[in-house]
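An overview of the molecular structure
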Amino acid sequence: MKYIRHIFFDLDNTLWDHRKNAYLTIKELFRNQKIAENYQIDFEEFHNAYHLINEKLWEQIRDEEIDKDYLRKYRFYNTFLKFGVDDEKLSLYFEHHFLDEILNYNELVDGTLDVLNYLKSKDYKLHIISNGFQEVTERKCILSGIANFFETITSADSVGIRKPRPEIFEHSLNLAKAVKKESILIGDDWIADVKGAQNFGIDVIFFDVLDENPQEDHLKFIKHLSEIQTYL
Ligand SMILES: [Mg+2]
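Anyway, here's the lowdown on the structure attached to this text. (Residues numbered from 1 in each chain as written. Predicted model: local features only at pLDDT ≥ 70, side-chain atom pairs only at ≥ 80, totals over all residues. Heavy atoms only, no water.)

Description of helix H7 (residues 134-143)
As a reminder of what qualifies: The rule is simple: take the accessible area with a 1.4 Å probe, protein chains only, and divide by the maximum for that residue type; under 20% is buried, over 50% is exposed, in between is partly exposed. Secondary structure counts use DSSP, requiring at least four H or I residues in a row for a helix and at least two E residues in a row for a strand, with both numbered from the N terminus. What the arc measures is the spread of directions leading from the helix axis to the C-beta atoms. In this analysis, two residues are considered to be in contact whenever any of their non-hydrogen atoms come within 4.5 Å of each other.
Where H7 is concerned, the buried positions are Thr137, Lys140 and Cys141. The arc that holds every buried residue of H7, seen down its axis, measures 95°, which confines them to one face. Within H7, the exposed residues directed more than 90 degrees away from the buried face are Glu135 and Ile142. Buried residues along H7 sit in contact with helix H1 (18-32), strand S2 (125-130) and strand S3 (150-155). One or two positions beyond H7, positive phi appears at glycine 145, with a value near 80°.

Here we look at the coordination of the magnesium ion
Short version of the rule: The rule for donors is simple: N, O or S, within 2.8 Å of the metal, or within 3.2 Å if the metal is Na, K or Ca. Water isn't counted, so a site may look like it is missing partners.
Around the magnesium ion, the donor atoms from the protein are Asp10 (OD), Asp12 (O) and Asp188 (OD), and they sit 2.1 to 2.2 Å away. The sequence pattern describing where the donors of the magnesium ion fall on their chain is D-x1-D-x175-D. Since its relative accessible area comes to 7%, aspartate 10 is described here as buried. Looking at aspartate 12, the relative accessible area reads 22%, which means it is partly exposed.

What about the sheet that holds strand S4 (residues 183-187)?
So the rule is basically this: By the convention used here, strands pair only if DSSP detects at least 2 bridges between them. Inter-axis angles, ranging from 0 to 180 degrees, are taken between N-to-C directions of lines fitted to C-alpha atoms, where helices are fitted over the stretch in contact.
Strand order in the open sheet formed by six strands is S3-S2-S1-S4-S5-S6, and the pairing between neighbours is parallel. Both edges of this open sheet fall to S3 and strand S6 (220-222), since each of them pairs with a single strand only. Averaged over all pairs of adjacent strands, the angle between their axes in this sheet comes to 20°, without regard to strand direction. Judged from the four bridges that link them, S4 and strand S5 (residues 203-207) form a sheet pairing that is parallel. Directly across from isoleucine 184, in S5, lies its bridge partner aspartate 203.

Concerning the nonpolar core
Under the convention used in this document: Put simply, buried Ala, Val, Leu, Ile, Met, Phe, Trp, Tyr and Cys residues joined by side-chain atoms within 4.5 Å make one nonpolar core. Domain delimitation in this document rests on an assignment produced automatically or drawn from a domain database.
Ile7, Phe9, Leu119, Phe150 and Leu232 are the most contacted members of the largest nonpolar core, which has 46 residues in total. Split by domain, this core shows at least three residues from each of two domains, domain 1 (6-17 + 108-230) and domain 2 (18-104). Ignoring sequence-local partners within four residues, the contact set of phenylalanine 150 consists of Phe9, Leu15, Leu116, Leu126, His127 and Ile128. The next biggest cluster of nonpolar side chains, apart from the first, holds 17 residues, and it includes Phe169, Ala176, Ala178 and Val204.

From the geometry alone we can't say anything about function, so treat these as descriptive.
Structure representation (structure tokens):
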């Protein structure tokens, strides 16, 4: 697309493999705390339950029904409760160590480095718009070795507004000195990224990691990052 100059990426699960890094972190905590031995809980079952609960809570945050403190208090607590373990101390131990230790894992989504090198070689200006914390977002980029690809990094917590709200896109485009018609967003969240970008008025490529196969006319979407090359 000749007129596009600025590419805005979502970070979690678009480039930085949050799912895989969370899985590895929780597995380590599970082992350290001897959860399988002490409570007879299977790790894969525990992780599946956590995953569903966590995704649901993040959707509620996105929809402004709960805040992050609520999520932090309940995501592990509700997971343990599902297995009959009512233990606030244990769940808070998981929460605190989860946040500290997830940054020790820095798996990227398959194809990340190839696609960033490709886009850089074509002189696109690359940026991040994440719904995470500014410091965590920057550390993820640095520790996974992709920080130097990006001209600007915007996070919801530094702006006080999260995707899909138009203000965060406005802020990020201003920071990048980009205009709408030269900008495109690539992200994996249907509401925050696709609907957010469309409502704000910029083009978007939906990264359909979970095989949701959305039925929407003229929607650009990819199943693997390498397919970005068919559009850009
Ligand atoms: Mg994402």
